[in-house]
Amino acid sequence: PPTLIRNNVIGLAHGLCGVALALQKAYEISGCNKLNVAITAFEEMLISSWNVSRSEWPKVISCHHELSKDDSDNYVSRWCHGSLGIAHFLQRRASSVNIELLSQLTERALSIGSSRDVDFVCCGEFGHVDLLITMRNQCVNALDVARNIAASRIATSHVSGSYFYEAHGDEENLSFFRGSAGIGYEILRSLYPTLPSILGME
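An account of the accompanying structure is given in this report.

## Structural notes on the overall build of the protein
Helix and strand counts for the protein come out as seven helices and two strands. Counting from the amino terminus, helix and strand elements in the protein follow one another as β-α-α-β-α-α-α-α-α. A buried classification covers 47% of the 202 residues belonging to the protein. Considering only contacts in the protein between residues 6 or more positions apart, those separated by 24 or more positions represent 57%.

What follows is the structure, given as structure tokens:
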């Protein structure tokens, strides 16, 4: 189980949250209580590391000073790291998670501006779009916000001639997580929101 005697990356793509979401899916299928115990241990760590003042999770939690909860470089709002990915896991665990925290996550997702400099789903705008579509049943405005972001990024791509795939360039990338396949799927999902969320492992 995760402990605080070592550094713990907690995001969905690169950290413990992704492991916990996979275990949650296995628990839903098997009903094995040992899986639920392991998930609950991580869940407790996750909830305790929520930074109320920032309305965000750190990328890494640790007892070491250099990775403290006040380190601004340790906070991002993306699918791979931060609330945009972690929210997928917590929604699957909604019955055991504090309702107030879920409400804060919804508000966070709706309030995050378009500050990311890439479009792809892993680190960029369309990862935000995916979560908003998933949250449409919790908030009636979420789908409209998702569609507005998608429309804005489509319009920008028409002007620039390309979506923005990398922080250091805009070379065409056809992959799902860091390229046009993922962007295309999220545009399709914004039109047909009942399509499964790949980012949420549906």
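Resuming the write-up.
## Some remarks on the nonpolar core
Here is a general trend for soluble globular proteins: nonpolar side chains tend to be buried in one another's company. Grouped together as the largest cluster of nonpolar side chains are 42 residues, with contacts concentrated most on Ile10, Phe42, Leu46, Trp57, Ile86, Phe89 and Phe126. For this core, the secondary-structure elements that each account for two or more residues are helix 1 (16-30), helix 2 (33-48), helix 3 (83-92), helix 5 (125-134), helix 6 (142-160) and helix 7 (180-191). Excluding its chain neighbours within four sequence positions, the residues that come into contact with Ile10 are Gly15, Leu16, Cys17, Phe42, Leu46, Ser49, Trp57, Pro58, Lys59, Ile61 and Ile86.

## Re the pattern of salt bridges
Overall, the coordinates contain two salt bridges when judged by the stated rule. Close ionic contact of Arg153 with Asp119 constitutes a salt bridge, the shortest N to O distance being 2.5 Å. Of this pair, Arg153 sits in helix 6 while Asp119 sits in the loop between helix 4 (99-111) and helix 5, placing them 34 residues apart in sequence. Asp119 matches Arg153 in its accessibility class, with the two residues each being buried. With a shortest N-O distance of 2.9 Å, Arg189 and Asp130 are connected by a salt bridge. A residue pair is termed long-range when its members are at least 10 positions apart, and Arg189 in helix 7 and Asp130 in helix 5 qualify at 59 residues.

## Brief notes about helix 1
The end-to-end C-alpha separation of helix 1 is 21 Å, in line with the 21 Å expected for 15 residues at 1.5 Å each. Residues of helix 1 that are buried: Cys17, Gly18, Ala20, Leu21 and Gln24. The buried residues of helix 1 occupy an angular sector of 160° when projected down its axis, which confines them to one face. Once helix 1 finishes, Gly31 follows within two positions and takes phi at roughly 75°, a positive value.

## Description of unusual backbone geometry
Although it is not a glycine, Met201 adopts a positive phi angle of roughly 55°. Topologically, Met201 is positioned in the segment after helix 7. When its relative accessible area of 32% is taken as the criterion, Met201 is described as partly exposed.

The rules we used
- Residues numbered from 1 in each chain as written.
- Predicted model: local features only at pLDDT ≥ 70, side-chain atom pairs only at ≥ 80, totals over all residues.
- Heavy atoms only, no water.
- Helix = DSSP H or I, 4+ residues; strand = E, 2+ residues; numbered from the N terminus.
- Buried < 20%, exposed > 50% of the residue type's maximum accessible area, 1.4 Å probe, protein only.
- Contact = heavy atoms within 4.5 Å.
- Core = buried A, V, L, I, M, F, W, Y, C linked by side-chain atoms within 4.5 Å.
- Salt bridge = Lys/Arg side-chain N within 4 Å of Asp/Glu carboxyl O.
- Expected span 1.5 Å × (residues − 1).
- Arc of directions from axis to C-beta.

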